[in-house]
Amino acid sequence: RNYGMSVGLTYPFSHFSRVELDVSGMTMTRRFAEENDEGDIELTDEEIDRTLLIPGIRLVNDTTLWGSVGPISGGRSSFALSKSIGIGDEFSFLTGIADFRRYMRIGARHSLATKLVLARSSQADAQTFYVGGVNSVRGYDDFEFSGHNVALLSVEFRYPFIDNLTIASPI
């Protein structure tokens, strides 16, 4: 179980760039399970309760121009840094994420989208990143890859697959 709240503040430097500050407070309760000799899954007596404060800062630059089905030109870049502060016990991670996206309009309805994501989480309780699925690596199952470090480069040619879908019906 996770309970928490977050408070954020955004300060624009210009129409296209801003800094975002946020602080999240979270209480996590974890119970663990294991397989017994008969092959059934049973809860163990092990339980972890943690309370954290997680301050974060993110610098964002966004010049994206949106079309009817998504971004068609411009770009977006963000740099984020967050650090956990354990309350009552030690729980530590330091996470940095850099995300660069560029969209180049090739025609009236075609675009080339590039994305580069670099992420790293370190310290004793480093966060785990999950990659895979339609929003990160198409052709792989959701969450197929995981780890504390991520380098992802994606290049996509985007075009409308179906122009008009007409269904004839006597009703």
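Predicted model only: the values in this text are computed from it and were never measured.

S.K.: Would you take a moment to explain the overall build of the protein for this structure?
M.R.: Assigned secondary structure in the protein consists of zero helices and eleven strands. Along the chain direction, N to C, the helices and strands of the protein fall in the order β-β-β-β-β-β-β-β-β-β-β. Relative to the 2.2 N^0.38 estimate, which gives 16 Å for 171 residues, the radius of gyration of the protein is 22 Å and therefore markedly larger than a compact globule would have. In terms of its C-alpha atoms, the protein occupies a principal-axis envelope of roughly 60 × 50 × 35 Å. Buried residues in the protein amount to 27% of all 171 residues. Long-range pairs, those at least 24 residues apart, make up 47% of the contacts in the protein with a sequence separation of at least 6.

S.K.: For this particular structure, what's the right way to read the nonpolar core?
M.R.: A general feature of soluble globular proteins is that nonpolar side chains tend to end up buried together. With seven residues, the main nonpolar core is built from V117, A119, F129, V131, V137, V150 and L152. Among the elements of the structure, β8 (111–122), β9 (129–131) and β11 (149–158) are those that each provide at least two residues to this core. Once residues lying within four places of it in the same chain are set aside, the contact partners of A119 are G96, I97, F129, H148, N149 and V150. In this structure, M28, L52, I54 and F91 belong to the second largest nonpolar core, which totals five residues.

S.K.: Even after reading the chapter, I still don't get the environment of R50, so can you show me in this structure?
M.R.: With respect to the helices, strands and loops of the structure, R50 is situated in strand β3 (residues 41–62). Separated by 94 residues in sequence, R50 and E144 have C-alpha atoms that sit 28 Å apart. Residue contacts for R50: discarding those within four places in its chain leaves M26, T27, M28, D89, E90 and F91.

S.K.: How should the side chain of K115 be read in this particular structure?
M.R.: Along the polypeptide, K115 turns up in strand β8. Of the buried charged residues, K115 lacks a salt bridge, with E156 as the closest side chain of opposite charge at 6.0 Å. For K115, the side chain forms a polar contact with the main-chain oxygen of N135, separated by 3.1 Å. With sequence-adjacent residues up to four places away left out, K115 is seen in contact with D99, F100, R101, N135, S136, L152, L153 and S154.

S.K.: Can you help me understand the pairing of strand β5 (residues 71–83) in this one?
M.R.: Moving residue by residue along a regular strand, the side chains alternate between the two faces of the sheet. Taken together, the seven bridges between β3 and β5 define a ladder with antiparallel strand orientation. Residue pairing across strands places D62 opposite R76, the latter belonging to β5. Of the strand pairs in this sheet, strand β4 (residues 65–66) and β5 are connected by two bridges, and their pairing is antiparallel. Residue pairing across strands places W66 opposite P71, the latter belonging to β5.

S.K.: What should I look at first to understand unusual backbone geometry in this one?
M.R.: When glycine is set aside, most residues are seen to have a negative phi, and most peptide bonds are trans. In this model, Q123 sits at a positive phi of 85°, which is unusual for a non-glycine residue. Within the fold, Q123 resides in the loop between β8 and β9. The class of Q123 is partly exposed, set by a relative accessible area of 39%.

S.K.: Whenever I open this one, a negative patch on the surface confuses me. Can you help?
M.R.: There is a patch of like negative charges on the surface, built from E34, E35, D37, E38, D40 and E42. Residue placement: E35 occurs in strand β2 (residues 17–35). The exposure class assigned to E35 is exposed, which follows from its relative accessible area of 56%.

Thresholds applied
- Residues numbered from 1 in each chain as written.
- Predicted model: local features only at pLDDT ≥ 70, side-chain atom pairs only at ≥ 80, totals over all residues.
- Heavy atoms only, no water.
- Helix = DSSP H or I, 4+ residues; strand = E, 2+ residues; numbered from the N terminus.
- Rg over C-alpha atoms; globule rule 2.2 N^0.38 Å.
- Buried < 20%, exposed > 50% of the residue type's maximum accessible area, 1.4 Å probe, protein only.
- Contact = heavy atoms within 4.5 Å.
- Core = buried A, V, L, I, M, F, W, Y, C linked by side-chain atoms within 4.5 Å.
- Lys, Arg positive; Asp, Glu negative; His and termini not counted.
- Salt bridge = Lys/Arg side-chain N within 4 Å of Asp/Glu carboxyl O.
- Polar contact = N/O pair within 3.5 Å; in protein donor to acceptor, adjacent residues only side chain to side chain.
- Pairing = 2+ DSSP bridges.
- Patch = residues over 30% accessible without salt bridge, like charges linked within 9 Å, V, L, I, M, F, W, Y side chains within 5 Å.
- Areas by Shrake-Rupley, 256 points an atom, 1.4 Å probe, with all protein chains shown as cover.
- Charge placed at Lys NZ, Arg CZ, Asp CG, Glu CD.

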